[in-house]
Amino acid sequence: MKLAARLTRFSLLLSSTVLLPWLAGCGGYVSSSRSGSAPLAPTGLAAAAANAQVNLTWNTSSGATGYYVKRSASSGSETQIAAPSTTAYTDNAVSNGTKYYYLVSAVNSAGESANSAEVSATPTAPITPPAVPTGLQATAGNAQVNLTWNASAGATNYHLKRSTTAGSGYTQIGAPTTANFADSGLANGTTYYYVVTAVNTAGESGNSNQASATPINAAVDVTITIDPAKTKPISPYIYGINFYSGNPGVSPLLTFDRAGGNRWTAYNWETNASNAGSDYIYNNDSYLSGSNVPAEAVRSFIAADQGQGLASLVTVQLQGLVSADENGPVSVTSPPDLTRFKTVVDKKGSTFTAMPPTTDANVYMDEFVWALDQKLPGIFGAHPTHPTFLSLDNEPELWNSTHLEVQGHNPITSDDYITKTINLSKALKDQFPNVVIFGPVHYGFQGLYNWQGELSATPGGTNWFPDKYLPALETASTAYGKPLVDVYDFHWYAEVYDASGTRILNLNGTTLTDAQVQLIVQSPRNLSDPTFRDDGNSNPWIFNELGQTPINILGRLQAKINAEFSGMKVAITEYENGGWNHISGTIAEADTLGIFGSQGVFAANFWPPNGTYSYALAGFRAFRGFDGANASFGDTSLQATSSAVQNVMVYASLDSSMPGRVVFVAINRSSAAKVTAINGQVLSGTAHLYQMTAASAQGQNPVQPVAVGTMPVSGSSLTITLPAYSVTTIDVR
């Protein structure tokens, strides 16, 4: 660009100067031949954000006749937007909420300075006080009043005010961040008057409409009886999920992660090749990891878990064949096509290497586990901080359908499966005596009951698959000198259907009928309730197969373990109950977790469905991080029984790290509020209440408990009104 053009732009007419070309140079432009020098770079550049504008100021540069203002929405890429002659500029061509970056340089007839230091600012609309809240409602309970109102846009919190005189004398009693509050510790028979205001940094709104209520000592609807003499440790591994890192909105306080499912049956640890079977066109591919570093798909999974403070469950291959290549679909015309797979060998025994040859015919399982320990030392030891457990493959009863490419058309027999289990477990425990092994990883009830139809099981008989598996494992373990399989693992997807035949796992809408809600919230009772008869289920086939007796699957299995291989633990490493976008899903998940703790389940992993499922994940938050921080359910379960389990169940715990602390999770699965008395456990201090209801969950992402007040407690009884369809965590300390 000619100098004359630049001078015209800045109205700098120098009649006595010879005009010469500008040459690009570091920091701006300089003249190839001129008298004088370009000014120094401006200092003191400051940017002040305002409503749809940014005000810029800077210090004068000696000798400058003008300035270039430069802007960008990303750092380091500013371009010129103005050329003021003074040391201030107002940029009005900006949008609120966008961060802008600025530089300024100084110019005169000799050239342009280097750029100033970069500054940034984000214009924002002015904050105004929020609108007055509307719709305040007060509902009386026993010695408490529950308050709700409509949220005010822009409010950061609310001031809840109370008086015993209508229209005046209000005193602030709380500052909740959500549009609900439980005012507890009140005098029954006294009428209380309430208003609420909305607050943000700009100020406080006026008072809402007044609402009033008179607490009464209402008749107790449900009595929960705690027996503090009957305790059971709660395993930390029941708060687990499959694929933790792939779950948006998951609680950061979960404890256990699983890498399992059909994809892992044909996983070749030497190359990371795998085949998902019928889940995806029987395709040999690199889906689990594009790396050619042996075991990288598993190593990276465990390492990520350890970084998050999680224990891990990883799959070892038991079926017998794994992918030999990553070359796409495998023929299932006459399976297995042995040119596309390698043979799994349980025990290599010696000369292990973390970089095994990939041209031989075999893949060794003991070498696989050894290699993982080399990469992550101590994960299979006696007391690792975040242990790694081993799962003996996945859903073996279905291999001939889910993994036709390696199993062929014939299912594996229960005898062959038990033999393979014993052999592989010995090979693994030869290397790592303390490793915890899970099996048989049933796909569901039929696998556990009769090995997918192979066995002639009867509802009350000792001819289920566990009645064959457990004694065989006990005999082999006694001969070996230690348990070969430590955890009996099965999957449990609720087999409950509505009147139209839709399985509750497919009820993912935000609006459900009362009948559908009841199916979802009652479904966890099939796990352990010896009185529940699968009511309302339009296709109760498990109930019918068990002679129309309660399913009580955990109770039945535990009785067999106690009789046939005492000491084996129980896990459910895949489960679902439905209600993914409805408060019913929160209730079902919280109830399931409470059952796991009270029944002594060792480990469990929720299986995330397709689509959104924030309401189900909220069930974890009733137990883990319910205060929005680190407060969690205790580590010792107290036996609790309900006088009306179909309506209300309460799970009770003690905290070994804080004597005197008691935490309850109270579930109301009925459509009406229930006055609930919790009796039998000595309580002292203050009960801090956190709650999830359909109303509190509206607009939340993620759905999580909200603080709804406190109440003083003493003695061995606590009475609380539980809202309809709600989960309430009561932290007494």
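Parameters at a glance
- Residues numbered from 1 in each chain as written.
- Predicted model: local features only at pLDDT ≥ 70, side-chain atom pairs only at ≥ 80, totals over all residues.
- Heavy atoms only, no water.
- Pairing = 2+ DSSP bridges.
- Helix = DSSP H or I, 4+ residues; strand = E, 2+ residues; numbered from the N terminus.
- Axes fitted to C-alpha atoms, helices over the stretch in contact; angles between N-to-C directions.
- Phe/Tyr/Trp six-rings, centres within 6.5 Å; stacked < 30°, edge-to-face > 60°.
- Buried < 20%, exposed > 50% of the residue type's maximum accessible area, 1.4 Å probe, protein only.
- Salt bridge = Lys/Arg side-chain N within 4 Å of Asp/Glu carboxyl O.
- Expected span 1.5 Å × (residues − 1).
- Contact = heavy atoms within 4.5 Å.

(A) The sheet that holds strand β25 (residues 321–323), seen in detail. Read from one edge to the other, the open sheet built from 3 strands follows the order β25-β27-β28, with strand pairing classed as mixed. The outermost strands of the open sheet, each flanked by one partner alone, are β25 and β28 (362–364). The sheet shows a mean angle of 40 degrees between the axes of neighbouring strands, taken without regard to direction. Across 3 bridges, strand β27 (residues 341–345) lies against β28 in parallel orientation. Across the sheet, the residue bridging to T343 is N362, located in β28.

(B) Quick look at the packing of aromatic side chains. Counted by the stated rule, this structure contains 33 aromatic pairs. Their ring planes at 40 degrees and their centres at 6.1 Å tell us that Y239 and F623 sit as a pair that is tilted. Within this pair, whereas Y239 is found in strand β20 (residues 237–242), its partner F623 is found in the loop between α14 (614–621) and β34 (636–642), the two being separated by 384 residues in sequence. Residue class for F623 comes out buried when judged on its relative accessible area of 0%. Geometrically, the ring pair formed by Y575 and F596 is edge-to-face, given 5.3 Å between the ring centres and 85 degrees between the ring planes. Separated by 21 residues along the polypeptide, Y575 in strand β32 (residues 569–576) and F596 in helix α13 (residues 583–599) bring together distant segments of the chain.

(C) A look at the pattern of salt bridges. What the rule picks out here adds up to 21 salt bridges. K70 is paired through a salt bridge with E112; the nearest N and O atoms lie 3.0 Å apart. Here E112 lies in strand β9 (residues 111–112) and K70 lies in strand β5 (residues 66–72), a separation of 42 residues in the sequence. Note on E112: relative accessible area 8%, which makes it buried. Connected through salt bridges with shared partners, the residues D655, R661, D731 and R733 form a single ionic network.

(D) Spotlight on unusual backbone geometry. For the bond running from P335 to P336, omega is -5 degrees, close enough to zero to count as cis. Tracing the sequence through the fold places P336 in the loop between β26 (328–329) and β27. The step from N701 to P702 runs through a cis peptide bond, and the omega angle for that step is 5 degrees. Notably, A52 is not glycine yet its phi reads approximately 60 degrees, a positive angle. Along the chain, A52 falls in the loop between β3 (46–50) and β4 (53–57). Despite not being glycine, I281 has its phi angle at roughly 45 degrees, a positive value.

(E) Looking closely at helix α6 (residues 414–431). Spanning 18 residues, α6 covers 26 Å between terminal C-alpha atoms, matching the ideal 26 Å at 1.5 Å per step. Taken residue by residue, α6 has S414, Y417, I418, T421, I422, L424, S425, A427, L428 and K429 as its buried positions. Turning to α6, the residues buried within the fold contact β24 (311–316), α3 (365–375), β29 (388–392), α4 (399–402), β30 (437–442) and α8 (465–480).

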